[in-house]
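Summary of the model geometry
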Amino acid sequence: MTVETARSTRDSQKGAPATEQATPPSADGRRPGHRDRREALAAYLFLAPWFLGLIFITAGPILASLYLSFTDYSLLAPPEWIGLDNYRDMLADPRFIRAVKVTFIYVFVSVPLQLAFALLLALLLDRGVRGLPIYRSVYYLPSLLGSSVAVAILWRQIFGTEGLVNQVLSLVGVQGTGWVAHPDYALGTLITLNVWTFGAPMIIFLAGLRQIPRMYYEAAAVDGAGPLTRFLRITIPLLTPIIFFNLVLQMINSFQTFTQAYVVSNGTGGPADSTLFYTLYLYMRGFESFDMGYASAMAWFLLMIIAGLTAANFLASRYWVFYSDE
Amino acid sequence: MNKTTVTHARARANRPRRLLIHLGLIGFGLVMLYPLLWMLSSSFKPADLIFADPSLLPRRIIFDNYIRGWNALERPFSHYFLNSAIVTAGAVIGNLTACSLAAYAFARLRFPLRRLWFAIMLGSIMLPLHAVIVPQYVLFSNLGWVNTFYPLIVPKFLATDAFFIFLMVQFIRSLPRELDDAAAIDGCGYFRTFWRIIIPLCMPALATTAIFTFIWTWNDFFSQLIFLTNPDTYTAPIALRAFLDSTGRSSWGALFAMSMLSLGPIFGFFLAGQKYLVRGIATTGLR
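Source: prediction; values computed, not measured.

1. What to know about the overall build of chain B
A count of helices and strands for chain B gives 16 helices and zero strands. Taken against the 2.2 N^0.38 rule, which gives 19 Å for 287 residues, the C-alpha radius of gyration of chain B at 24 Å runs more than 25% over that of a compact globule. Along the first, second and third principal axes, the C-alpha set of chain B runs to 70 × 70 × 35 Å. Within the span of chain B, comprising 287 residues, buried residues form 56% of the whole. Pairs at least 24 residues apart make up 71% of the contacts formed inside chain B by residues separated by at least 6 positions. Taken as a whole, chain B presents about 12400 Å² of accessible surface, with 67% of it coming from carbon and sulfur. A distance of 13 Å separates the average location of the 25 positive side-chain charges in chain B from that of its 12 negative side-chain charges.

Here you go:
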């Protein structure tokens, strides 16, 4: 679901179908069946790579991992059916519970903060600020680099005992600690890293703000509405679809964070499992202990969580998302 | 860009406030970029200063870090960069070919079950890689493809990055259909229409696809970590991690130097393709 689809579905509800272009049944006037069949054949040829991908890379593996999640499988011997045991083990596994908790804290703290920064900066930049492209690029750059190993390495140094943060703190006389090595703060450094990449949602907000007709503000100003009223009564309601879109997208992305936690904790999820992200634990079980059945069960649980969050977001959106044509 | 007369008049009235906003925006931008700039400057500093000097200007510039970093692992870093380049080039070519073929069919052709397949394609956009990685690993290891680049490239030739199909479908739908009809009257078949009419007009969408595929693949860590375990096949991110693993306090400068080099291509694409990046994010929410 994207900004553009949201738009085109709205258009189509108004009676201008954007998806189905109505072509007369027989464009060449003769033998319509033959032409249709030729077109269908061509379409399936164009789609052949995609179908192969569906079977072997996406849909097929989803079903395969559902099957594997009910088995005991280590790659060396054929999978052995054990029913729901993997799921039972998961719920009784303190490290699994820990991983879910850590990931939820990470998502529910960093995403709202990230979106708040994104919205604030988008609002500041939307007022016809000179040099907008430069500011936009500067703020966007971290989003591009944020998931790289290089930046994760940098983060590990910055928040280390003798890192940049503590060097700066000591200039003002504050004695810092080893942030990445401290169970209470390590997750915080990763949250900071995610908030730092607010540039991508900011650009989406900017695109959304540009679509709000200026005359609404002018009319409101004529009626004596102050800046705060205009923001609360015009900007926010008209921007809710974009806020919603960003929220769903960033939550799904953040749930799958792996690289940063892996590099900063050196592949352990430490200290004291405080950065044991869900995907990191999945990787450890699947590709370090080769417990493929358990990893598949975790994969399906992740799929359910993401589907559940998306559905919850959509349901909640009924109450607070406002589409201007309703 | 969207300066109206109203904002103009308001802006003139609020010159001090505008200055304040600019100062705030610049200050904030500096704080944001400080870590990156500091890493750049630290890659030219001797090791002891990295842990003592928060300033951006190195007191003494040395190139030693780059030389030591380049030769820190079994093979020179050029080997790992080359591996990254091969994987990335393969992924870009794969996405451009397979996604544009699929997009043309979805956007222009009528065929049975089109709506169903289109819905499945849309649904697969949000599919987390982690949900399918185990069966993919089983499949690729049975094919003997672990420790080759095939698991990272072949899926792209099968249009598995559905984002880009969607991006191109949206783009192709915005092109006038009369062009297709004219081509058909001139005797063009479907493939000729696709190749001669649609592809040349799709350049902006193709550019967005190429740039994002490049950046994602170059940055990718998870699947490369899983499929490349033989040091000869390491790509730049995996090599960096191996370097980090083996490193002591004294080699942070070299580590920073190689990290900076690994960010170089992304930064280059960022500068060259900003227009497409911004458009890509604004229309589909890619990052």
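Having seen the structure, we can now continue with the description.
2. Details of the state of the cysteines
Residue and element names in this part refer to chain B. Across all of its chains, the model carries zero disulfides over all chains by this definition. With no disulfide partner, Cys-188 has as its closest neighbouring cysteine sulfur the one in Cys-202, 16 Å distant. Not part of a disulfide, Cys-202 finds its nearest cysteine sulfur in Cys-99, a span of 12 Å. Judged by relative accessible area, which is 2%, Cys-202 ranks as buried.

3. A closer look at a nonpolar patch on the surface
Residues and elements named next belong to chain A. Together, Ile-105, Val-109, Leu-113 and Phe-117 line one region of the surface with nonpolar side chains, adding up to about 290 Å² of accessible area. Mapped onto the secondary structure, Val-109 falls in helix H6 (residues 94–126). By relative accessible area, which is 35% here, Val-109 ends up partly exposed.

4. Structural notes on the nonpolar core
Counting residues in hydrophobic clusters, the biggest one holds 193 residues, and the most contacted among them are Trp-50 and Met-202 of chain A together with Phe-106 and Ile-165 of chain B. Considering each element in turn, this core owes the most residues, 14 residues, to helix H5 (residues 77–108) of chain B. Look past the residues within four positions of Trp-50 of chain A in its chain and what remains in contact with it is Ala-102, Phe-106, Trp-117, Ile-120, Met-121, Leu-158, Ala-159 and Ile-165 of chain B.

5. Focus: helix H7 (residues 133–142) of chain B
Counting buried positions along H7 of chain B yields seven of ten residues, so the element is predominantly enclosed. Buried within H7 of chain B are the following residues: Ile-133, Val-134, Pro-135, Gln-136, Tyr-137, Val-138 and Phe-140 of chain B. Buried positions along H7 of chain B lie against helix H4 (59–68), helix H15 (278–288) and helix H16 (292–320) of chain A together with helix H8 (150–157) and helix H13 (222–227) of chain B. Within two residues after H7 of chain B, Gly-144 of chain B carries a phi angle of roughly 75°, on the positive side.

6. Here's the deal with the pattern of salt bridges
Tallied over the entire structure, the rule returns 13 salt bridges over all chains. Asp-36 of chain A is the partner of Arg-110 of chain B in a salt bridge, and the nearest nitrogen-oxygen pair spans 3.7 Å. With Arg-110 of chain B in the loop between H5 and helix H6 (114–124) and Asp-36 of chain A in helix H2 (residues 32–46), this residue pair bridges two chains. A relative accessible area of 29% means that Arg-110 of chain B is categorised as partly exposed. Here Asp-36 of chain A falls in the partly exposed class, since its relative accessible area comes to 33%. For Lys-156 of chain B, the salt bridge goes to Asp-161 of chain B, with nearest N and O atoms at 3.2 Å. With a relative accessible area of 13%, Asp-161 of chain B lands in the buried category. Members of the salt-bridge network, linked through shared partners, are Asp-36 and Glu-39 of chain A together with Arg-110 of chain B.

7. Looking at the side chain of Ser-251 of chain B
All names here are of chain B. Along the chain, the position of Ser-251 falls in the loop between helix H14 (236–245) and helix H15 (252–272). Accessibility expressed as a relative area gives 11% for Ser-251, which makes it buried. Setting aside chain neighbours within four positions, we find Ser-251 in contact with Arg-68 and Phe-243.

8. Re the interface of chain A and chain B
Counting residues at the interface gives 105 residues for chain A, matched by 102 residues for chain B. Summing both sides of the interface, chain A and chain B together bury roughly 9600 Å²; the carbon and sulfur share of this comes to 71%. Summed over the three residues of chain A that lose the most area to chain B, namely Phe-46, Trp-50 and Ile-57 of chain A, the buried surface amounts to 9% of that side. Applying the counting rule to chain A against chain B returns two salt bridges.

9. Regarding unusual backbone geometry
Put simply, Gly-270 of chain A and Pro-271 of chain A share a cis peptide bond, and its omega is 0°. You can see Pro-271 of chain A is positioned in the loop between helix H14 (259–264) and H15. The phi torsion at Ala-272 of chain A lies on the positive side, around 55°, for a residue other than glycine. Tracing the backbone shows Ala-272 of chain A in the loop between H14 and H15. Residue Ala-272 of chain A is classed as exposed on the basis of its relative accessible area, which comes to 61%. A positive phi angle, close to 55°, is found at Ala-159 of chain B, a residue other than glycine. Here Ala-159 of chain B lies in the loop between H8 and helix H9 (162–173).

10. Details of the confidence of the model for chain B
When pLDDT is averaged along chain B, the result is 89, and 93% of the positions lie at 70 or above. Predicted complex, confidence summary: ipTM 0.89, pTM 0.88.

Cut-offs used in this document
Residues numbered from 1 in each chain as written. Chains lettered and ligands numbered in written order. Predicted model: local features only at pLDDT ≥ 70, side-chain atom pairs only at ≥ 80, totals over all residues. Heavy atoms only, no water. Helix = DSSP H or I, 4+ residues; strand = E, 2+ residues; numbered from the N terminus. Rg over C-alpha atoms; globule rule 2.2 N^0.38 Å. Buried < 20%, exposed > 50% of the residue type's maximum accessible area, 1.4 Å probe, protein only. Contact = heavy atoms within 4.5 Å. Areas by Shrake-Rupley, 256 points an atom, 1.4 Å probe, with all protein chains shown as cover. Lys, Arg positive; Asp, Glu negative; His and termini not counted. Charge placed at Lys NZ, Arg CZ, Asp CG, Glu CD. Disulfide = S-S within 2.5 Å. Patch = residues over 30% accessible without salt bridge, like charges linked within 9 Å, V, L, I, M, F, W, Y side chains within 5 Å. Salt bridge = Lys/Arg side-chain N within 4 Å of Asp/Glu carboxyl O. Core = buried A, V, L, I, M, F, W, Y, C linked by side-chain atoms within 4.5 Å. Buried area = accessible area lost by both parts, 1.4 Å probe. pLDDT = per-residue confidence, 0-100.

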